[in-house]
Amino acid sequence: MPDEAAGSAGVADPAAGPAAAAGEVPGAIALLSDAPMGSFDETGNYVPRAIVEDDLGGASLEEAIDATIVEFDDGDIVEGKVVKIDKDEVLLDIGFKSEGVIPSRELSIRNDIDPSEIVSLGDHIEALVLQKEDKEGRLVLSKKRAQYERAWGTIEKIKDSDGIVKGPVIEVVKGGLIVDIGLRGFLPASLVELRRVRELQPYVGRSIEAKIIELDRNRNNVVLSRRAWLEETQKEQRGEFLVNLKPGERRRGVVSSVVNFGAFVDLGGMDGLIHVSELSWKHVDHPSSVVSVGDEVEVEVLDVDLDKERISLSLKATQTDPWQEFANTHQVGELVYGRITKLVPFGSFVQVGDGIEGLVHISEMAGHHVDLPEQVVTPGEELWVKIIDIDLQRRRISLSIKQAAEGGEVSEEYREAFGEHAYDEQGNYIGYDYGGTEFTPETEAQAAWAEYVAEHGAPPEGAEGGPAAPPPPSPGAEAPTAVAPTAEVPTAEVPVADTPVADTPVADSPVADSPVASPEGPDAAGAPGT
C-alpha cells in the first residue's frame, strides 16, 4: 500500500525516466526540456553545459547576418511572399531588410483592378525590381513586368513554332480587343472572326485562341489573329462545304454583316457575299436600305471559287424581275400613268412602275417642235404616256407624251381606278356618269370621285373644264382610240362632231403643258382624254 500512496501523491519512480522524475502527469505539458543540462560541482555550485559546436562554419556573426539578406539589382526578377494587401498596393517579403512595395498599377496588365482580385495573402509570386530604393527608401517592385518578361520568352517560342496562344479578352479598345496572354496582345476587329464584327463588347471575358502574326519586342507590340486560327481549324470543313455548293443552288442564310459594297450571309458553314448590284432589281444607294444584320434571307449561288474560297450570292435572283413582269403585263400601244423623274437634253425619264423607268425622247414630247424638255414637263409631274417600244433584253422602254394625247387603250392595271363601267370590251374609255343614282363605288378611288361629284356636281359634257371628245381614229386603226387623261371628273363620252380636234393645237393639250394628278384620289386625272 505504501507504493500506491506514493504513486497517488505524485512521487516519481526513478525507473520511470526524467519525465516521471519531474512529476509529469500523463497528458500534461512538459515544463522542462529533456536536452542535456549543466551539472553541479562538489561544493554544490552549478556548472553550465559547455558549447563546443561551431555552427557558423568559421564565419563571423556579421557575415552570417549579411548572408541572410538577398542581393539584387534594378531590373532583376525576385521571388517573395505576399504579407499585406491594401487597396492601392501589396507588400512582398523577398528576404530583404524591408518588404518590397508593388503599386496596384504594377500588379496586372489590366487597368483599374482590385489588388485582392490578383493576389492573396501567403501567395508566392515573382516581381521585377523597379527601384531598389526610392526617395522614401522603399523597395519598389512590379508583378506585371516580371510576368511580361517571362511571357516574352514563351511567346517568341510559340511564334517560331507557328503555335497558338490562349487568353481572356480584358478590354475593348479603338479598332479591336486586348487579350491577356501574359502581356497585352492586340486583336484587330477585322481578325476576330472570319468576317468583320461590329459589336466587340460581348467578347470581353471570353477566353479565345489566336495565332501570333506580328511580334516586336522593342515596340512592345504583339498582334494576334483569331481569324487565322479559325481558318486553319475549319479548312477541311470549308473545303467539303465548297465542293458541295453548286452555282444556281438556292440556300437560306442569315445576314452576318453589311458593308458599303454589299452584305455577307452566313450559309451555315461559310460566309458568301451579295454584291450591292445583286441585292435588288432597283437602284440601291446603300446595302443597309435592303438588308440588316440578323435578317434571314434566301439567296441563289452565283459562283464558287474553290481556290480563293469565295462564294458569290444573289438576292435579286430569288425575286421576280420587275422588267419581265412589266413586259408580261403591258403591251406596246397601251397608256400608262407615270411620274417625271429626270430631265436630260434629249428627253425625260418617266417612272411607270416600281423600279421601272422609260424614256420620252424629245421628239415624242409634243406635237410641235420642242427645244428643251423643260418647255413641256417638270420633274415630279405626273401624266399619261404611251408605250411605243419595250426592249426587255436591254431593259429599255420608249414612251410618248405626244401619242398619249392622241388617245389609246389604257393599261389594265389602271382600269380599276375608273371602274370597268368606263371601258368597252376592247379596253377603250367610254366614260361613266358618276352622278348617277345607281352608281356603287368598287374602290376607294371611285368612292372619292363619287363624293367629289356629290359635292360639286359633274360638269356638263363638252363644257369648259370637262372632258373633251375623243379624236377621230388614226389612219389604219382597227378600233376606236380612247381619249387621254384630264384632271377633271370623267363623264359620259361626247360625240366626236361636237369638239373637232383639228382646230385644237396639240401643244395646248393639258397633258403636255400641265401636270396631271394621280388617278388614286379625288384630285386624280379623271380618265384618258385630250
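Residues numbered from 1 in each chain as written. Predicted model: local features only at pLDDT ≥ 70, side-chain atom pairs only at ≥ 80, totals over all residues. Heavy atoms only, no water.

1. Digging into the overall build of the chain
Piece 1. Counting its regular elements, the chain contains 12 helices and 23 strands.
Piece 2. In the chain, buried positions account for 36% of the 530 residues.
Piece 3. The long-range fraction of contacts in the chain, counting pairs at least 24 apart against all pairs at least 6 apart in sequence, stands at 60%. (Helix = DSSP H or I, 4+ residues; strand = E, 2+ residues; numbered from the N terminus. Buried < 20%, exposed > 50% of the residue type's maximum accessible area, 1.4 Å probe, protein only. Contact = heavy atoms within 4.5 Å.)

2. Here's the deal with the sheet that holds strand β15 (residues 271-275)
Piece 1. Spatially, five strands are ordered β13-β14-β15-β17-β16 in a closed barrel, and the strand pairing comes out mixed. Averaged over all adjacent pairs, the angle separating strand axes in this sheet is 50°, with direction ignored.
Piece 2. As defined by bridge partners, strand β13 (residues 250-259) adjoins strand β14 (residues 262-266) across five bridges and the pair is classed as antiparallel. Looking across to β14, one finds that V258 is bridged to A263. (Pairing = 2+ DSSP bridges. Axes fitted to C-alpha atoms, helices over the stretch in contact; angles between N-to-C directions.)

3. Focus on the pairing of strand β9 (residues 176-180)
Piece 1. Burial of β9 is extensive: five of the five residues sit out of reach of the surface.
Piece 2. Relative to β9, strand β8 (residues 164-173) is paired through four bridges, and the arrangement is antiparallel. The residue of β9 that forms the bridge with V172 is L177.
Piece 3. Here β8 folds back onto β9, and the loop between the two strands holds two residues, one of which, G175, carries a positive phi near 90°.
Piece 4. Strand direction decides the pairing type here: β9 and strand β10 (residues 184-188), joined by five bridges, are antiparallel. Directly across from L177, in β10, lies its bridge partner L187.
Piece 5. Taking the residues between adjacent antiparallel strands as the criterion, β9 and β10 are bridged by three residues, where G182 takes a positive phi near 95°.

4. Quick word on a nonpolar patch on the surface
Piece 1. A cluster of nonpolar side chains, contributed by M37, F40 and Y46, occupies part of the molecular surface with about 400 Å² of accessible area.
Piece 2. Take F40: it is sitting in strand β1 (residues 39-40).
Piece 3. Look at F40 and you get exposed, because its relative accessible area is 60%. (Patch = residues over 30% accessible without salt bridge, like charges linked within 9 Å, V, L, I, M, F, W, Y side chains within 5 Å. Areas by Shrake-Rupley, 256 points an atom, 1.4 Å probe, with all protein chains shown as cover. Salt bridge = Lys/Arg side-chain N within 4 Å of Asp/Glu carboxyl O.)

5. Section: helix α7 (residues 235-243)
An α-helical segment advances 3.6 residues per turn. Residues three or four places apart therefore align on the same side.
Piece 1. Among all positions of α7, only R238, F241 and L242 are buried. The arc that holds every buried residue of α7, seen down its axis, measures 95°, which confines them to one face. Structural note: α7 exposes E236 and E240 on the side pointing more than 90 degrees away from its buried face.
Piece 2. Where the residues of α7 are buried, they touch α6 (226-233), β13, β16 (296-305) and β17 (310-314). (Arc of directions from axis to C-beta.)

6. Observations regarding the sheet that holds strand β5 (residues 100-103)
Piece 1. Pairing is mixed around the closed barrel formed by five strands, whose spatial order is β3-β4-β5-β7-β6. This sheet shows a mean twist of 55° between the axes of neighbouring strands, independent of strand direction.
Piece 2. Sheet analysis places strand β3 (residues 77-85) next to strand β4 (residues 89-93), joined by four bridges and oriented antiparallel. Bridging across to β4, K84 finds its partner in L91.
Piece 3. Across the sheet, helix α5 (residues 143-160) touches β3, β5, β6 (124-131) and β7 (139-142), and the angle it forms with β6 is around 100°.

7. Structural notes on the environment of S207
Piece 1. Checked against the element boundaries, S207 lands in strand β11 (residues 207-216).
Piece 2. Residues S207 and V179, 28 residues apart in the sequence, show an inter-C-alpha distance of 8.5 Å.
Piece 3. Setting aside anything within four residues of it in sequence, one finds S207 in contact with K166, G167 and P168.

8. As for the environment of W152
Piece 1. Note on placement: W152 falls in helix α5.
Piece 2. Spatially, the C-alpha atom of W152 lies 8.0 Å from that of L183, the residues being 31 residues apart in sequence.
Piece 3. Setting aside anything within four residues of it in sequence, one finds W152 in contact with L183, L215, D216, R217, N220, N221 and V222.

9. Topic: a negative patch on the surface
Piece 1. On the surface, E71, D73, D74 and D76 cluster together into a patch of negative charge.
Piece 2. With respect to the helices and strands, the residue D73 is situated in the loop between α3 (61-67) and β3. (Lys, Arg positive; Asp, Glu negative; His and termini not counted. Charge placed at Lys NZ, Arg CZ, Asp CG, Glu CD.)

10. Re the confidence of the model for the chain
Piece 1. The share of residues in the chain with pLDDT of 70 or more is 67%, and the mean pLDDT across the chain is 74.
Piece 2. Mean pLDDT across the elements of the chain bottoms out in helix α12 (residues 510-513) (36) and peaks in strand β22 (residues 396-400) (93).
Piece 3. Per-residue pLDDT stays below 50 along residues 1-23; that stretch engages in five contacts with residues further than four places along the chain or on separate chains.
Piece 4. A low-confidence stretch, residues 458-530 (pLDDT under 50), is modelled with 156 contacts involving residues beyond four sequence positions or located in other chains. (pLDDT = per-residue confidence, 0-100.)

11. Comments concerning the pattern of salt bridges
Piece 1. A complete count under the given rule lists 19 salt bridges for this structure.
Piece 2. With a shortest N-O distance of 3.4 Å, E300 and R250 are connected by a salt bridge. Residue E300 is found in strand β16, and its partner R250 is found in strand β13; the two are separated by 50 residues along the sequence.
Piece 3. Of the residues examined, R250 reaches a relative accessible area of 41% and is grouped as partly exposed.

12. Digging into the packing of aromatic side chains
Piece 1. By the definition in use, this model includes four aromatic pairs.
Piece 2. Residues Y337 and W384 carry aromatic rings whose centres are separated by 5.1 Å and whose planes lie at 75° to one another, so their mutual orientation is edge-to-face. On the criterion of sequence distance, the pair formed by Y337 in strand β18 (residues 334-344) and W384 in strand β21 (residues 382-391) is long-range, its members being 47 residues apart.
Piece 3. Since its relative accessible area comes to 0%, W384 is described here as buried. (Phe/Tyr/Trp six-rings, centres within 6.5 Å; stacked < 30°, edge-to-face > 60°.)

13. What about unusual backbone geometry?
Piece 1. Although it is not a glycine, D162 adopts a positive phi angle of roughly 55°.
Piece 2. Turning to its location among the elements, D162 is positioned in the loop between α5 and β8.
Piece 3. Although it is not a glycine, E309 sits at a positive phi angle of roughly 55°.
Piece 4. Secondary-structure assignment places E309 in the loop between β16 and β17.
Piece 5. The exposure class of E309 is partly exposed, given its relative accessible area of 24%.

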